[in-house]
Amino acid sequence: MTTNLPLGCIADDFTGATDLANNLVRAGMRVVQTIGVPEGPAPEADAVVVALKSRTIPAAEAVAQSLAALHWLRSHGARQFYFKVCSTFDSTPQGNIGPVAEALLEALGSSFCCVTPAFPENARTVYKGHLFVGDVLLSDSGMRNHPLTPMTDPNLVRVMQAQSQGKVGLIEHRVVRGGAAPIHARLRQLQDEGYRFAIVDALDNEDLMHLGRAIADMPLVVAGSGVAIGLPQNHGLAPSAAAAALPPAHGATAIVSGSCSQATNAQVADFLRRGLPALAVDPLQIASGRDVVGEALAWAEPRLGDQPVLVYSSAPPESVRSVQQQLGVGNAGEMVEKALAAIAKGLVDRGVRQLVVAGGETSGAAVQALGVQQMRIGPQIDPGVPWCHAEAQACGRTVHLALKSGNFGTTDFFTKAFGQLG
Ligand SMILES: Nc1ncnc2c1ncn2[C@@H]1O[C@H](COP(=O)(O)OP(=O)(O)OP(=O)(O)O)[C@@H](O)[C@H]1O
Ligand SMILES: O=C(O)[C@@H](O)C(=O)CO
């Protein structure tokens, strides 16, 4: 059993978990991501990220799952804890971030932590408590049309306050840019004044390195993946290629995409423009009872080989809205996720060994269908998206997986990813 685990992490979705793990690896930690709360002994690593699928479930269930993860991590020696939330700070309309964070604090016997979704390398910045995605406020970004968790308020103090019992304060950028000491002093001040959470401004990696040092002695941080770059330094770790080493890759390549985000839609369009083999899955046909999974696999099988194949339900917002009106939001999401997950498993059964899955919920469903219990985190493809290596127990195979958050990755992600494993 590992008794020295510097960092124990709980992520509210699967792509979010790999995003966090990626930043820890890049800053020098060896990281294993587990799918759900593990049952066996702790793997050999500097950090374990427990990936939950708790972003959009009822708050009481999200709290229970997160506490179970905390308990496992604590009992395997973790000393500091990281609750990874989305860099666009979304959860349910009532909010899961506040209830989970408050339950974790209470379980840790602590009364205060800082909160920031900032991830400047992926253009998520926080200024005066307002979240920007690229050049626009969160509420003006593609997140306003998200199929499950639309975001319409960019003021994080307000968003966090609406879902928390305790008071939410702010550490402004003029304090953050001063370095770890002023941040630390302000954290203490807010804590003494009875605040439970401090939203922290951050505009670049230097801000996050300052913040990482400032929170070295705090039991919990609630954040997107950005803050992770500042934590390994507290354990004397520095970036190293060894932390990201994976076994060599071989076998056929494929992408399964259920994300309908702007970035993913552009990646699908880029793949189509290149004339590569791609098949669209229609949610209404799944609902009609047609064997969409069987048809997709029959289409894909003869095409598997040197070039990647893409199976996707990704669609523009107006098409998603129309499907949701006909099938219901939850029902549509679940049906598509189930079909894409079965397709992902079928592809691996047919020889795919390097698989990209796009979308957090979609990735969660796919990884569960593949019977993956833990993944070793390898090299970064794009900020927030690493290659991982895992045993797909449901297929009796090992496989290289990249779980791509909907909004991440450059436009050519679906082709360039496969060039990077050698
Ligand atoms: N054509 C479609 N019509 C309606 N719903 C869809 C369609 N395609 C996919 N979906 C559903 O939309 C949701 C997309 O969520 P998912 O988390 O997979 O992607 P994302 O939100 O872009 O990614 P991330 O959570 O990483 O930002 C899933 O529940 C999926 O099943
Ligand atoms: O933080 C992010 O934006 C991602 O890691 C994510 O959580 C998307 O599901």
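Anything mentioned here points back to the structure above.
Within every chain, residues take consecutive numbers counted from 1 along the sequence as written. Following the order in which they are written, the chains are lettered starting with A and the ligands numbered starting with 1. With the structure being a predicted model, the display of local features is reserved for residues of pLDDT at least 70 and the display and counting of side-chain atom pairs for 80 or more, all residues being used for whole-chain, interface and lining totals. Excluding hydrogens and water, the side-chain figures rest on all heavy atoms present in the structure.

Student: Which parts of the structure should I look at to understand the site of ligand 1?
Tutor: Put simply, a residue is near a molecule or strand once any heavy atom of it comes within 4 Å of that molecule or strand. Near ligand 1 you find 24 residues, and of these His 146, Ser 259, Glu 337, Glu 361 and Thr 362 are the closest. Residue Thr 15 places a side-chain N or O atom 3.3 Å away from an oxygen atom belonging to ligand 1. Two N or O atoms form a polar contact when they lie within 3.5 Å of each other; inside protein one atom must be a possible hydrogen donor and the other a possible acceptor, and for residues adjacent in sequence the pair counts only when both atoms belong to side chains. Within the backbone of Glu 361, one N or O atom sits 2.7 Å away from an oxygen atom of ligand 1. Protein chains shield 97% of the accessible area of ligand 1, which is 630 Å² for the free molecule. For the area figures, the Shrake-Rupley method with a 1.4 Å probe applies, and any residue is considered shielded solely by the protein chains shown.

Student: What am I meant to see in the site of ligand 2 here?
Tutor: Near ligand 2 you find Asp 13, Thr 15, Gly 16, Asp 19, Arg 55, Lys 84, Val 85, Cys 86, Ser 87, Ser 405 and Phe 408, and these make up its full shell. Contact between ligand 2 and Lys 84: an oxygen atom at 2.9 Å from a side-chain N or O atom of the residue. Separating an oxygen atom of ligand 2 from a side-chain N or O atom of Ser 87 is a distance of 2.5 Å. Expressed as a share of its isolated accessible area of 270 Å², the protein-covered part of ligand 2 is 94%. Secondary structure is summarised from DSSP: a helix means a run of H or I of at least four residues, a strand means a run of E of at least two, and numbering begins at the N terminus for each. Considering each element in turn, the shell around ligand 2 owes the most residues, three residues, to helix H1 (residues 14-26).

Student: Sorry if this is basic, but what is going on with the packing of helix H6 (residues 180-192) against helix H7 (residues 205-214) here?
Tutor: When two helices pack together, their arrangement is captured by the angle between the axes and the distance separating the axes. Lines fitted to C-alpha atoms define the axes here, with helix axes fitted over just the stretch in contact, and angles between the N-to-C directions of these axes take values from 0 to 180 degrees. At a minimum axis distance of 8 Å, the contact between H6 and H7 shows a crossing angle of 55 degrees. Relative to H7, H6 is oriented oblique. Between H6 and H7 lies a crossing whose hand is right-handed. Where H6 approaches H7, its residues Ala 180, Ile 183, His 184 and Leu 187 are matched on the opposing element by His 210, Leu 211, Arg 213 and Ala 214. Just so you know the grouping, Ala, Val, Leu, Ile, Met, Phe, Trp, Tyr, Cys and Pro go in nonpolar, Asp, Glu, Lys and Arg go in charged, and all remaining residues, Gly too, go in polar. Here the contact of H6 with H7 is built from residues that sort into five nonpolar, two polar and one charged. For classification purposes, angles smaller than 35 degrees are called roughly parallel, those larger than 145 roughly antiparallel, those between 65 and 115 roughly perpendicular, and all remaining angles oblique. Crossing handedness: left-handed means the near helix sits turned counterclockwise from the far one by under a right angle, and right-handed means the same turn made clockwise. Note on contacts: a residue pair qualifies if any of its non-hydrogen atoms lie within 4.5 Å across the two residues.

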